[in-house]
Amino acid sequence: MSLPMPRTLVLHNARIHTFHDAYPRAHAIAIVDGRVAAYDNAALTTATSNDQAQVIDLQGACVIPGINDAHAHMEREGLKTLRPSLAHARTVEDVLQVIREQARITPPGVYIVTMPVGTPPYFFGGAAQLAESRLPTRQELDAAAPEHPVYIPAPFGNWGKPPGTAALNSLALQRNGLTPASQPTCAGIEIGKDASGGLSGIIVERNTRPAVEFDLLPDIPRFGFAERLKGLRISQKMYHAKGTTSIYEGHGSAPETISIYRKLWEEGDLTMRTGLVVSPTWGNLPEAARAMRDWLAAARGRGLGDPSFRISGIHIAYGGDPLVACCARANLPDTGWSGFVEQAVTPSDFKALCLLAAEHDLRVNVIVSDKLHEILPVLLAVDKKFPLAGKRWVLQHIARARVEDLQALKALGVLITTIPTYFLWKGGAAYLDEADGGDSVVAHATMLELGLDLALATDNIPYDPFFTLWVAGARQERVTGQVIGSHQTLSADAALRAFTIAGARLTFDEHWKGPLAPGFAGDLAVLDRDPMTLSVNAWRDIQCTMTVVGGRIVHGTDST
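Residues numbered from 1 in each chain as written. Predicted model: local features only at pLDDT ≥ 70, side-chain atom pairs only at ≥ 80, totals over all residues. Heavy atoms only, no water.

Participant: Before we go on, may I ask you to explain the overall build of the protein in this structure?
Facilitator: Helix and strand content of the protein: 17 helices and 22 strands. What you see for the protein is a C-alpha radius of gyration of 24 Å, in line with the 24 Å of a compact globule of 560 residues. With respect to the three principal axes, the spread of C-alpha positions in the protein is 80 × 55 × 50 Å. For the protein, the proportion of its 560 residues judged to be buried stands at 59%. Sequence-distant contacts in the protein: of pairs separated by 6 or more residues, those separated by 24 or more amount to 75%. Each charge class in the protein can be summarised by its mean position, and for the 51 positive and 58 negative side chains these summaries are 3 Å apart. (Helix = DSSP H or I, 4+ residues; strand = E, 2+ residues; numbered from the N terminus. Rg over C-alpha atoms; globule rule 2.2 N^0.38 Å. Buried < 20%, exposed > 50% of the residue type's maximum accessible area, 1.4 Å probe, protein only. Contact = heavy atoms within 4.5 Å. Lys, Arg positive; Asp, Glu negative; His and termini not counted. Charge placed at Lys NZ, Arg CZ, Asp CG, Glu CD.)

Structure (structure tokens):
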């Protein structure tokens, strides 16, 4: 499926950063049939010679190529709008008032499920935000909604930081079969008791990957296909409103997640250029071997798709909790907030899976964190048997890394995506005392000096790319403000290149997408300020006023 054929679009009176080396700056740009056609005077000539052209005076605004979010989790954001928000709540009574209102409009016996307590997008602190520093008790929820099962979930661990706290009323506890004798299968879950030994209705989750619903709460309503599709439509608009025109889901997408993207694509409504990676459902090596041989042909090599939608490669985890992974697979097609399938892969199985993937020409995406020194030997072993040159395997979430290991990655030709917000700002406390001051953590400057293909990503924490841009430039830990790795800061030019044009290589699209070059896709973002002229601390406040995909305005003036 392709985007509807756009009319000619001409933008002028602008500060345009093309990231096209032959013509790096322009003041006007013409997009014809979805592709960049001309700059400056030639662009204005296009406008005057075509009375059907849409001509917009940007009044000095800044234009950059569209943001390519290389680890977006886009399907997740819109789902947050489908449940009642508790973001405003500052007391237990505020929470109970929301529950009472939902009880008034919800048929008896139907679940009331809210968003977590806390301030989005991170929900840091959770119940500590409330004056009482606690969630409502089971009895308080019973009184607010006596005819409804009620569930206030804990925050998804990847949004903020565990632990998180959930609350259920008596009917919800009963419907899920919980008693004082109940025990979780997965570690990191604590079922609360009151002074008499009965259930308090409180469940504490200490896992970054939440398992409580998979493990203990089979009756809690899941997001169904229709809700996920509705959420994706909302998400797409939200990401476009931040200047994002392309996404890549290197963490992998579960079968149902792929299905909702495909549905939107088939209906002609997928305006976000989307590259998906398969999140596999296998539970052991024989299952994996059969799936790679028999069922994943469409994801081999560069994959299948068109400029709007492509599936290529698989995600293979390194590590993970076997019990969480088992519970997650048992709950499929539901994946909770994740959108991917939890895996638990031992080092030996990881090597075996990578060799199988290389044999079947399935490029691997793997989350590295601090384990590059353990994963690199596997890549080198695979390369000896199945050369990786040109295959574009992807390493993601790189945190601490040795220079010699990064040099080896360059020789292998792998691609890199980083999520600076995750390791530097949100989780930076773990790296405040590094011997080198943190210069080996998310070592952006070193990666670029070595010539590595580096793309930036938001990881949906938050989905605003300009917050991530600020982290890449400031590298400040969120609580102390301490800079982690002062020699690894990125300039606006380097960070924007990594956040716009670099991501095209992830989907083998660099020959037609990325820079605002003649013949390339007319994907761009119009910003209220020019990042190149701002201080680093101002980057996080940049707003996108218009987003264009293939010459079609998808956010801002005249969008629908």
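There's more to say after this.
Participant: Mind showing me how you'd approach the side chain of threonine 46 here?
Facilitator: Along the chain, threonine 46 falls in helix 1 (residues 40-49). The residues touching threonine 46, leaving out its near neighbours within four places in the chain, are Thr8, Ala30, Val32 and Ala38.

Participant: Can you walk me through the pairing of strand 5 (residues 62-65) in this structure?
Facilitator: The side chains of a regular strand alternate between the sheet's two faces. In terms of strand pairing, strand 1 (residues 9-17) meets strand 5 through two bridges, oriented parallel. Residue pairing for strand 5: arginine 15 is matched across the bridge by cysteine 62. Judged from the four bridges that link them, strand 5 and strand 20 (residues 524-527) form a sheet pairing that is antiparallel. Note on strand 20: the bridge partner recorded for proline 65 is leucine 524. (Pairing = 2+ DSSP bridges.)

Participant: What am I meant to see in the pattern of salt bridges here?
Facilitator: Once their charged atoms are close, side chains differing in charge can pair, the charge on each being opposite to the other. Evaluated as defined, the whole model comprises 30 salt bridges. As a salt-bridge pair, aspartate 21 and arginine 497 come within 3.9 Å of each other at their nearest N and O atoms. In this pair, aspartate 21 sits in the loop between strand 1 and strand 2 (25-32) while arginine 497 sits in helix 17 (residues 492-499), placing the two residues 476 residues apart along the sequence. Classification of aspartate 21 by relative accessible area gives exposed; the value is 66%. Arginine 497 gets classed as partly exposed once you look at its relative accessible area, which sits at 27%. Between arginine 228 and glutamate 256 there is a salt bridge, with the nearest N and O atoms lying 3.5 Å from each other. Of the two residues, arginine 228 sits in helix 7 (residues 225-240) while glutamate 256 sits in helix 8 (residues 255-266), which places them 28 residues apart along the sequence. The same class applies to arginine 228 and to glutamate 256, which are both buried. Counted as one network, the salt bridges with shared partners bring together Arg222, Arg228, Glu256 and Asp334. (Salt bridge = Lys/Arg side-chain N within 4 Å of Asp/Glu carboxyl O.)

Participant: Which parts of the structure should I look at to understand empty space enclosed by the protein?
Facilitator: A water-sized probe rolled over the atoms picks out the places where empty space is left. Applying the stated criterion to the full structure yields seven cavities of 30 Å³ or more. Of the pockets and cavities examined, the largest cavity occupies roughly 190 Å³. What lines the largest cavity is a set of 17 residues, and nearest its centre among them are Phe156, Pro210, Glu213, Gly336 and Trp337. No other element matches helix 6 (residues 212-216), which puts three residues into the lining of the largest cavity. The class makeup of the residues in the lining of the largest cavity is ten nonpolar, three polar and four charged. (1 Å grid on protein atoms, 1.4 Å probe; cavity = no way out; pocket = protein on both sides within 12 Å on 5 of 7 lines; lining within 4 Å. Points joined across faces, edges and corners; volume = space filled by probe spheres on them. Nonpolar A, V, L, I, M, F, W, Y, C, P; charged D, E, K, R; others polar.)

Participant: How do you make sense of the layout of surface pockets when you look at a structure like this?
Facilitator: A volume near 810 Å³ is recorded for the largest pocket. Thr208, Arg209, Ile367, Ser369 and Tyr422 are, among the 32 residues lining the largest pocket, the residues nearest its centre. Of all the secondary structure elements, the ones that give two or more residues to the lining of the largest pocket are helix 10 (322-330), strand 16 (364-369) and helix 14 (420-426). For the lining of the largest pocket, the per-class residue count stands at twelve nonpolar, 13 polar and seven charged. Roughly 480 Å³ of internal volume is contained in the second largest pocket. Lining the second largest pocket are 19 residues, and of these Ile258, Val278, Trp295, Leu296 and Ile311 lie nearest its centre. Of all the secondary-structure elements, those providing two or more residues to the lining of the second largest pocket are helix 8, strand 14 (304-306) and strand 15 (309-315). Counting residues per element, the lining of the second largest pocket draws most heavily on helix 8, which supplies five residues. Here the residues of the lining of the second largest pocket sort into 14 nonpolar, four polar and one charged.

Participant: Quick question: what am I supposed to make of the sheet that holds strand 11 (residues 199-205) here?
Facilitator: Note: strands within a sheet are paired through backbone hydrogen bonds, in either parallel or antiparallel orientation. Spatial ordering of the open sheet is given by 7-8-9-11-10, a layout of five strands whose pairing is mixed. Of all strands in the sheet, those with a lone pairing partner are strand 7 (112-113) and strand 10 (189-193), marking the two edges. Where strand 7 and strand 8 (residues 150-152) come together, two bridges link them in parallel fashion. Along strand 8, the bridge assignment pairs isoleucine 112 with valine 150.

Participant: Just to check I follow, could you spell out helix 10 for this structure?
Facilitator: Given 3.6 residues per helical turn, the α-helix brings residues three or four places apart onto the same face. Inspection of helix 10 places Val324, Ala325, Cys327 and Ala328 among the buried residues, and these make up the whole buried set. Buried residues along helix 10 cover an arc of 165 degrees about the axis, so they all sit on one side. What points out from helix 10, more than 90 degrees from its buried face, is the exposed set Pro322 and Ala330. Those residues of helix 10 that are buried lie in contact with helix 6. Capping the start of helix 10, aspartate 321 holds a side-chain oxygen 2.8 Å from the backbone nitrogen of leucine 323, two or three residues further along. (Arc of directions from axis to C-beta. Polar contact = N/O pair within 3.5 Å; in protein donor to acceptor, adjacent residues only side chain to side chain.)

Participant: Would you take a moment to explain the side chain of asparagine 460 for this structure?
Facilitator: Within the element layout of this structure, asparagine 460 appears in the loop between strand 19 (453-456) and helix 16 (465-474). For asparagine 460, the side chain forms a polar contact with the side chain of glutamate 77, separated by 2.8 Å. Side chain to side chain, asparagine 460 and tyrosine 239 meet in a polar contact 2.9 Å long. Beyond its immediate chain neighbours, meaning those up to four positions away, asparagine 460 contacts His71, Ala72, His73, Arg76, Glu77, Lys80, Trp159 and Tyr239.

Participant: Please explain the pairing of strand 16 as it appears in this structure.
Facilitator: The element strand 16 is largely enclosed, with a buried count of five among its six residues. Relative to strand 16, strand 15 is paired through two bridges, and the arrangement is parallel. The residue bridging isoleucine 314 from the neighbouring strand is valine 364, located in strand 16. With respect to chirality, the unit in which strand 16 leads through helix 12 (residues 372-385) into the neighbouring parallel strand 17 (residues 394-398) is right-handed. (Right-handed = clockwise from strand over helix to strand, strands pointing away.)

Participant: Please explain the environment of phenylalanine 423 as it appears in this structure.
Facilitator: Checked against the element boundaries, phenylalanine 423 lands in helix 14. The exposure class assigned to phenylalanine 423 is buried, which follows from its relative accessible area of 6%. Considering only alpha carbons, one finds phenylalanine 423 and valine 471, 48 residues apart in sequence, at a separation of 9.9 Å.

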